[in-house]
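The chain contents come next:
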Amino acid sequence: MTAELVREPSEGGGIAFPPTLLGYAQNLTMAWLLSYDSPNTRDAYRREIERWFAFCTETGLDPLQARKAHGDVYKRWLELQVGKPIPAKTMARRISAVSSWYDYLAYEDAIEVNHLKGTRRPKVQRNRSETTALTRDEAHHLVAAADADFGPAKLRTAAFIRVLVHTGVRVEEAIAAELDALGWARGVRTLRIVGKGDKPKIRRLPVETAYALDRYLEDRARRAGVEVADQSGRIFVTDTGGRFYRSSASKLVERIARQAGIVAKVTPHVLRHTWASIAKDLGASPNDIKEALGHEDLNTTMLYLHTANQLERDPSQLVASALE
């Protein structure tokens, strides 16, 4: 088992293990990551365990000797790294990921017990989301900014932003989609994606999205000196034909949002919320939105929809106007 199995090659090297964590424990770490079927889950857990290992290295802690108190200190350390409080949901996920690693070690008798189980985790509100969707005008400006992008990758930018905004697919699903996932069904263009749990799903591609994709793929083929039909691999690649990573996709979305004049930080997940919000405003049913987003539970979809206009629905302005 090697680090390359759980790490994207462009990110360089293997996992940076603390100097005290050798041999068997390293192999178990690889086995723990490989136990998750989804590549996205493996990648997310790898990032979380590397954060924990960085904390252990900096503080001189042997990870196999960690106790509840170390987990409590780790929470404060994480906030120091970013210089601000970490959202409760994010913090809970980070502690849970590390605790999962210790559960695996305990099961394999590498440690006696998972002491991090006792680390206090923040309460996560299940009835709302902290993600705020863009307005329809902001989404329109975002697409326009993508069209106005420059450089050799401008057509990829226009196509990629449209895929996210027009369909609401997860960024992982978009960057992992292969060229043979593009197709036709009942007279409309389609995109086959692989969602959470490795579940395939066929999504309809709007005419505008398909047109942007066609322009991008034609330009990509021309620059490579091949026919469009002879291309293979993933739909979205770098200027040189290399792999387009999630980190690059996130930076692209942030950059185009700034060029669109959007002040708030925009992530690919914000665009997913934006799609759901606009779909609801245009009359789509919650069940249709749920199916399109690939949610298992309608309650998850309702989190997207309930928070879409929470700022506009806040009664504070009504009260202030009545008193002033």
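Presented here is a report on the structure given in the accompanying data block. (Residues numbered from 1 in each chain as written. Predicted model: local features only at pLDDT ≥ 70, side-chain atom pairs only at ≥ 80, totals over all residues. Heavy atoms only, no water.)

### Remarks on the overall build of the protein
Next, step 1: Check the secondary structure of the protein and you find 14 helices and three strands.
Next, step 2: Expressed as a percentage of its 324 residues, the buried residues of the protein come to 43%.
Next, step 3: Considering only contacts within the protein whose residues lie at least 6 apart along the sequence, 61% involve residues at least 24 apart.
Next, step 4: Summed over all atoms, the accessible surface of the protein reaches about 17900 Å², with 53% contributed by carbon and sulfur. (Helix = DSSP H or I, 4+ residues; strand = E, 2+ residues; numbered from the N terminus. Buried < 20%, exposed > 50% of the residue type's maximum accessible area, 1.4 Å probe, protein only. Contact = heavy atoms within 4.5 Å. Areas by Shrake-Rupley, 256 points an atom, 1.4 Å probe, with all protein chains shown as cover.)

### As for unusual backbone geometry
Next, step 1: One non-glycine residue, D109, adopts positive backbone phi at about 65°.
Next, step 2: For R186, which is not a glycine, the phi torsion comes out positive at approximately 50°.
Next, step 3: With respect to the helices, strands and loops of the structure, R186 is situated in the loop between β1 (182-185) and β2 (188-194).
Next, step 4: R186 gets classed as exposed once you look at its relative accessible area, which sits at 86%.

### Side note on the packing of helix α5 (residues 136-147) against helix α10 (residues 268-281)
Next, step 1: Orientation of α5 relative to α10, taken along the N-to-C sense of each, is 125°, at an axis distance of 10 Å. Overall, the two elements α5 and α10 adopt an arrangement that is oblique. In the packing of α5 onto α10, the handedness of the crossing is left-handed. Of α10, the residues touching α5 (which contributes R136, A139 and L142) are L271, T274, I278 and D281.
Next, step 2: Residues that form the contact of α5 with α10 fall into these classes: four nonpolar, one polar and two charged. (Axes fitted to C-alpha atoms, helices over the stretch in contact; angles between N-to-C directions. Parallel < 35°, antiparallel > 145°, perpendicular 65-115°, else oblique. Left-handed = near helix turned anticlockwise from the far one by under 90°. Nonpolar A, V, L, I, M, F, W, Y, C, P; charged D, E, K, R; others polar.)

### Focus: the nonpolar core
Next, step 1: If you look at the biggest cluster of nonpolar residues, it comprises 42 residues, and the most contacted ones within it are L142, F160, Y216, I235, F236, V266 and L271.
Next, step 2: Counting only elements with at least two residues in this core, the list comes to α5, α6 (154-167), α7 (171-176), β2, α8 (207-224), α9 (246-259) and α10.
Next, step 3: With seven residues, the top contributor of residues to this core is α6. (Core = buried A, V, L, I, M, F, W, Y, C linked by side-chain atoms within 4.5 Å.)

### Points about the pairing of strand β3 (residues 200-204)
Next, step 1: As defined by bridge partners, β2 adjoins β3 across five bridges and the pair is classed as antiparallel. Bridging from a neighbouring strand, I193 pairs with K201 of β3.
Next, step 2: Linkage of β2 to β3, two consecutive antiparallel strands, is achieved through a turn of five residues, within which G197 is found at a positive phi near 75°. (Pairing = 2+ DSSP bridges.)

### Digging into the sheet that holds β3
Next, step 1: In spatial order, the strands read β1-β2-β3; together these three strands make up an open sheet with antiparallel pairing. Every other strand in the sheet has two partners, leaving β1 and β3 as the edge strands with one partner each. The mean angle between the axes of side-by-side strands here comes to 40°, regardless of whether they run parallel or antiparallel.

### Considering the pattern of salt bridges
Next, step 1: Applying the stated criterion across every chain, the model contains 19 salt bridges.
Next, step 2: Among the salt bridges present, the one from D147 reaches R162, with a minimum N-O distance of 2.6 Å. Within this pair, whereas D147 is found in helix α5, its partner R162 is found in helix α6, the two being separated by 15 residues in sequence.
Next, step 3: The partly exposed category is assigned to D147, whose relative accessible area is 44%.
Next, step 4: Residue R162 is classed as buried on the basis of its relative accessible area of 13%. (Salt bridge = Lys/Arg side-chain N within 4 Å of Asp/Glu carboxyl O.)

### Topic: the pairing of β1
Next, step 1: Sheet topology places β1 next to β2; four bridges connect them, and they run antiparallel. Within β2, the residue paired with A185 across the bridge is V188.
Next, step 2: Count of turn residues in the β1/β2 antiparallel hairpin: two residues, of which R186 carries a positive phi of about 50°.

### Some details on the packing of helix α2 (residues 39-59) against helix α4 (residues 88-107)
Next, step 1: Their axes nearest at 9 Å, the elements α2 and α4 cross at an angle of 85°. Comparing their axes, α4 and α2 come out roughly perpendicular. Side by side, α2 and α4 meet where Y45, E48, I49, R51, W52 and F53 of the first sit next to R93, R94, A97, V98, S100, W101 and Y102 of the second.
Next, step 2: Its residues placed into classes, the contact of α2 with α4 shows eight nonpolar, one polar and four charged.

### Brief notes about the packing of aromatic side chains
Next, step 1: According to the stated counting rule, one finds 15 aromatic pairs in the structure shown.
Next, step 2: Their ring planes at 80° and their centres at 6.1 Å tell us that W52 and Y102 sit as a pair that is edge-to-face. Of this pair, W52 sits in helix α2 while Y102 sits in helix α4, and the two are 50 residues apart along the sequence.
Next, step 3: A residue is classified by how much of its surface remains accessible, and W52, at 0% relative accessible area, is buried.
Next, step 4: For Y102, a relative accessible area of 3% puts it in the buried group.
Next, step 5: Members of the aromatic cluster, joined through ring pairs, are F17, W52, F53, F55, Y74, W77, W101 and Y102.
Next, step 6: Over the ring of F150 we find R255, and its NZ or CZ is 6.0 Å from the ring centre. (Phe/Tyr/Trp six-rings, centres within 6.5 Å; stacked < 30°, edge-to-face > 60°. Lys NZ or Arg CZ within 6 Å of the ring centre and 35° of its normal.)

Any functional reading would require information that these geometric values do not contain.
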